Amino acid sequence: GILEDSTQVVRTLGHGVTEVREAMGEKRYEDVRKEVDHILDRFFIKRIGLRFLLQHYIEAAETRSGVSGIIHSDVQVGRILRAEAQEARRKCRELYGVAPEVVVVGDGEDFDPAMPSRMSPGSSLYENPNLSYDRQFTYVPIHLQFSCSVLLQNAC
């Protein structure tokens, strides 16, 4: 179903675009590339919207405090970032044998100012790194997890 198999659709469309590009040749494909990109963008935006609505509808049947369907009222961004950073580093080590250090600050977790980072002494984040104090972040955790995963893997 639409909620179960997302990688096969993406892979199949990617192969299709590659076949069209090879059949047309690079020069002729570049003439239609903008239109192909537009069609694919519309397809994926609609697909994401449909998956969002379906998953939200299905999960809305269950009553949980602080959660409405797939929308959570207090998403722990730091926890998601740390988990995805650990996974990105694992994949990077697996592929390249090394992985960069990833430092997550601003969510109230332990922070060592002596730890090397790009923050400069005297900045407000350096002095008080808890950006989550008395704040809530309402969002869809699985979307944040996916975005962070892609971002961090590309950064590695």
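Relevant structure appears above.
Residues numbered from 1 in each chain as written. Predicted model: local features only at pLDDT ≥ 70, side-chain atom pairs only at ≥ 80, totals over all residues. Heavy atoms only, no water.

Moving on, we come to the overall build of the protein. Across its full length, the protein carries five helices and two strands. Moving toward the C terminus, one meets the helices and strands of the protein in the order α-α-β-β-α-α-α. Taking all 156 residues of the protein together, 17% fall into the buried category. For the protein, the proportion of contacts with a sequence separation of at least 24, taken over those separated by at least 6, is 58%. (Helix = DSSP H or I, 4+ residues; strand = E, 2+ residues; numbered from the N terminus. Buried < 20%, exposed > 50% of the residue type's maximum accessible area, 1.4 Å probe, protein only. Contact = heavy atoms within 4.5 Å.)

Turning our eyes to something else, we now look at the packing of aromatic side chains. For the structure on display, the rule yields two aromatic pairs. Arranged with centres 5.1 Å apart and planes meeting at 75°, the rings of Phe 43 and Phe 44 form a pair that is edge-to-face. Taking the relative accessible area as the measure of exposure, Phe 44 reaches 25% and is therefore partly exposed. An angle of 20° between the planes, with centres 5.4 Å apart, marks the rings of Phe 137 and Tyr 139 as stacked. You can call Phe 137 partly exposed: its relative accessible area is 36%. (Phe/Tyr/Trp six-rings, centres within 6.5 Å; stacked < 30°, edge-to-face > 60°.)

Turning our eyes to something else, we now look at the side chain of His 56. Inspection of the secondary structure assignment puts His 56 in helix 2 (residues 26–59). Setting aside chain neighbours within four positions, we find His 56 in contact with Ser 68, Gly 69, Ile 70 and Ile 71.

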